[in-house]
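# Close look at the chain arrangement
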Amino acid sequence: SGIAGGLLGSLLPLEVVSVRDYTLPPWVGEESFVVALSYSGNTEETLAAFDEARRRTRRLLAVTSGGELGRRCSSDRIPRIEIPGGFQPRAALGYLLFPLLGLFRRLGRGPELGEALAVLDALACDLAPGKTENEAQGLARRLEGSVPLIYGAGPTAPVAYRWKTQVNENAKAPAFWAEIPELCHNEVVGWELQGALLPQGTVVFLRSGHDHPRVARRIAILKGLLTKRNLDWIEVSGRGESPPAQLLSLLYLGDWVSYYLALLHGVDPTPVAIIGELKARLAG
């Protein structure tokens, strides 16, 4: 559920801090706007941070399908956006993200999404199974048998994280992500032994027409450095012209890639048994 917070930060002209922990940052005060995101309503980290927020701020909102978070909102008369249940949390991203975008739009701070929605409509047709191979299927075939190393920059950094988690949960496979320019100060050094230690690694650059010029320059150099070392890389560009269109199209493409990769791996993309096992042991 928390990925919605990261994406919100890329789409709004506001500072958005995503907290993936049990406690809130020390600077959160009574005027801070805290949004508790938990699709199930039972995520223990979210519930702990929510309880702390009730003591520290007067501006609190929850987005959930119910669960314990919904019950606590009802008990304390805290506003919540209730969304439909019955999905895997990762499949409910639209329900988690778009109500918040609509809220900030009403406050005069949300982005214009007309082009982005049109691009997503077109992608829904383009990337669905058909008689000829589409872009997502082609990328999945390129990544079959490899470990994706997914790189984003600025607004596309949370999208890179989403690609990584979708490959993990849908394709049941390892994947990693990093952010440009930060990775230029550390991760690139690991390329020296990647061929020996991770020969199946494939770098995926997520590109936007709105990349910072210096980011674009860095990516051009990074591609050359990878090629010089005989390391595999792929470049994927967003669709449309506006920043929201390019960001959301890259995100949607990644979801489809992970789905087709699951089929190539011969696994059902839906269940996440090991997460259930972990939660059962935490509750024990």
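Going by the structure above, here's the rest.
In this report, the structure presented in the accompanying data block is examined.

Calculation criteria
- Each residue is numbered by its place in its chain's sequence as written, counting from 1.
- For this predicted model, a pLDDT threshold of at least 70 governs which residues receive local features, and a threshold of 80 or more governs which side-chain atom pairs are given and counted, while totals over whole chains, interfaces and linings are taken from all residues.
- In computing side-chain properties, one takes all heavy atoms of the structure into account and sets aside hydrogens as well as water.
- Strand pairing is assigned whenever DSSP identifies at least 2 bridges connecting the two strands.
- Numbered from the N terminus, helices here are DSSP runs of H or I no shorter than four residues, and strands are runs of E no shorter than two.
- To get an axis, fit a line to the C-alpha atoms, keeping to the stretch in contact for a helix; angles then go from 0 to 180 degrees between the N-to-C directions.
- Contacts were defined at the residue level, with two residues in contact if any of their heavy atoms lie within 4.5 Å.
- In this description, a nonpolar core means a group of buried Ala, Val, Leu, Ile, Met, Phe, Trp, Tyr and Cys residues linked to one another through side-chain atoms lying within 4.5 Å.
- Relative accessibility under 20% of the residue-type maximum defines a buried residue, over 50% an exposed one, and the middle range a partly exposed one, all with a 1.4 Å probe and only protein chains included.
- Stacked, edge-to-face and tilted are the three classes for Phe, Tyr and Trp ring pairs, Trp counted by its six-membered ring, which pair at centre distances within 6.5 Å; planes under 30 degrees apart are stacked, over 60 edge-to-face, the rest tilted.

### Section: the sheet that holds strand β3 (residues 80-82)
The strand order across the open sheet formed by 3 strands is β1-β2-β3, and the pairing between neighbours is parallel. Of all the strands in the sheet, the pair left with one neighbour each is β1 (33-38) and β3. Taking the axes of each pair of neighbouring strands and ignoring which way they run, one obtains an average angle of 15° across the sheet. Across 6 bridges, the pairing between β1 and strand β2 (residues 59-64) is parallel. Across the sheet, the residue bridging to S38 is T64, located in β2. This element, helix α2 (residues 44-56), spans β1 and β2 of the sheet and lies at about 155° to β1.

### Section: the nonpolar core
One recurring pattern in soluble globular proteins: nonpolar side chains tend to sit buried together. With 51 residues, the main nonpolar core has L97, W163, L206 and V236 as its most contacted residues. With 11 residues, the top contributor of residues to this core is helix α10 (residues 243-265). Apart from the residues within four sequence positions on either side, L206 is in contact with I150, Y151, T156, V159, A160, W163, V236 and L250. In this structure, A178, I180, L183 and V215 belong to the second largest nonpolar core, which totals 15 residues.

### Here's the deal with the sheet that holds strand β7 (residues 232-237)
The strand order β5-β4-β6-β7 describes an open sheet built from 4 strands, whose pairing is parallel. Edge positions in the sheet fall to β5 (176-180) and β7, since each has one partner strand and no second. For this sheet, the mean inter-axis angle between neighbouring strands, taken without regard to orientation, is 25°. Relative to β5, strand β4 (residues 147-153) is paired through 5 bridges, and the arrangement is parallel. In the strand pairing of β5, G152 is matched with E179. Across the face of the sheet, helix α7 (residues 157-171) comes into contact with β4, β5, β6 (201-207) and β7 while running at roughly 160° to β4. Along the sheet, helix α9 (residues 213-228) contacts β4, β5, β6 and β7; its crossing angle with β6, the most-contacted strand, is approximately 160°.

### Points about the packing of aromatic side chains
Scanning the entire structure with this criterion turns up 8 aromatic pairs. Aromatic side chains Y161 and W177 sit 5.6 Å apart centroid to centroid with 65° between the ring planes, which places their arrangement in the edge-to-face category. Here Y161 is found in helix α7, whereas its partner W177 is found in strand β5, with 16 residues between them in sequence. In this structure Y161 comes out as partly exposed when scored by relative accessible area, which is 24%. Overall, the relative accessible area of 31% leaves W177 in the partly exposed class. For the pair F205 and W233, a centre-to-centre distance of 6.4 Å together with 65° between the ring planes defines the contact as edge-to-face. Taken together, the residues span a long stretch of sequence, with F205 in strand β6 and W233 in strand β7 at a distance of 28 residues. With a relative accessible area of 26%, W233 lands in the partly exposed category.

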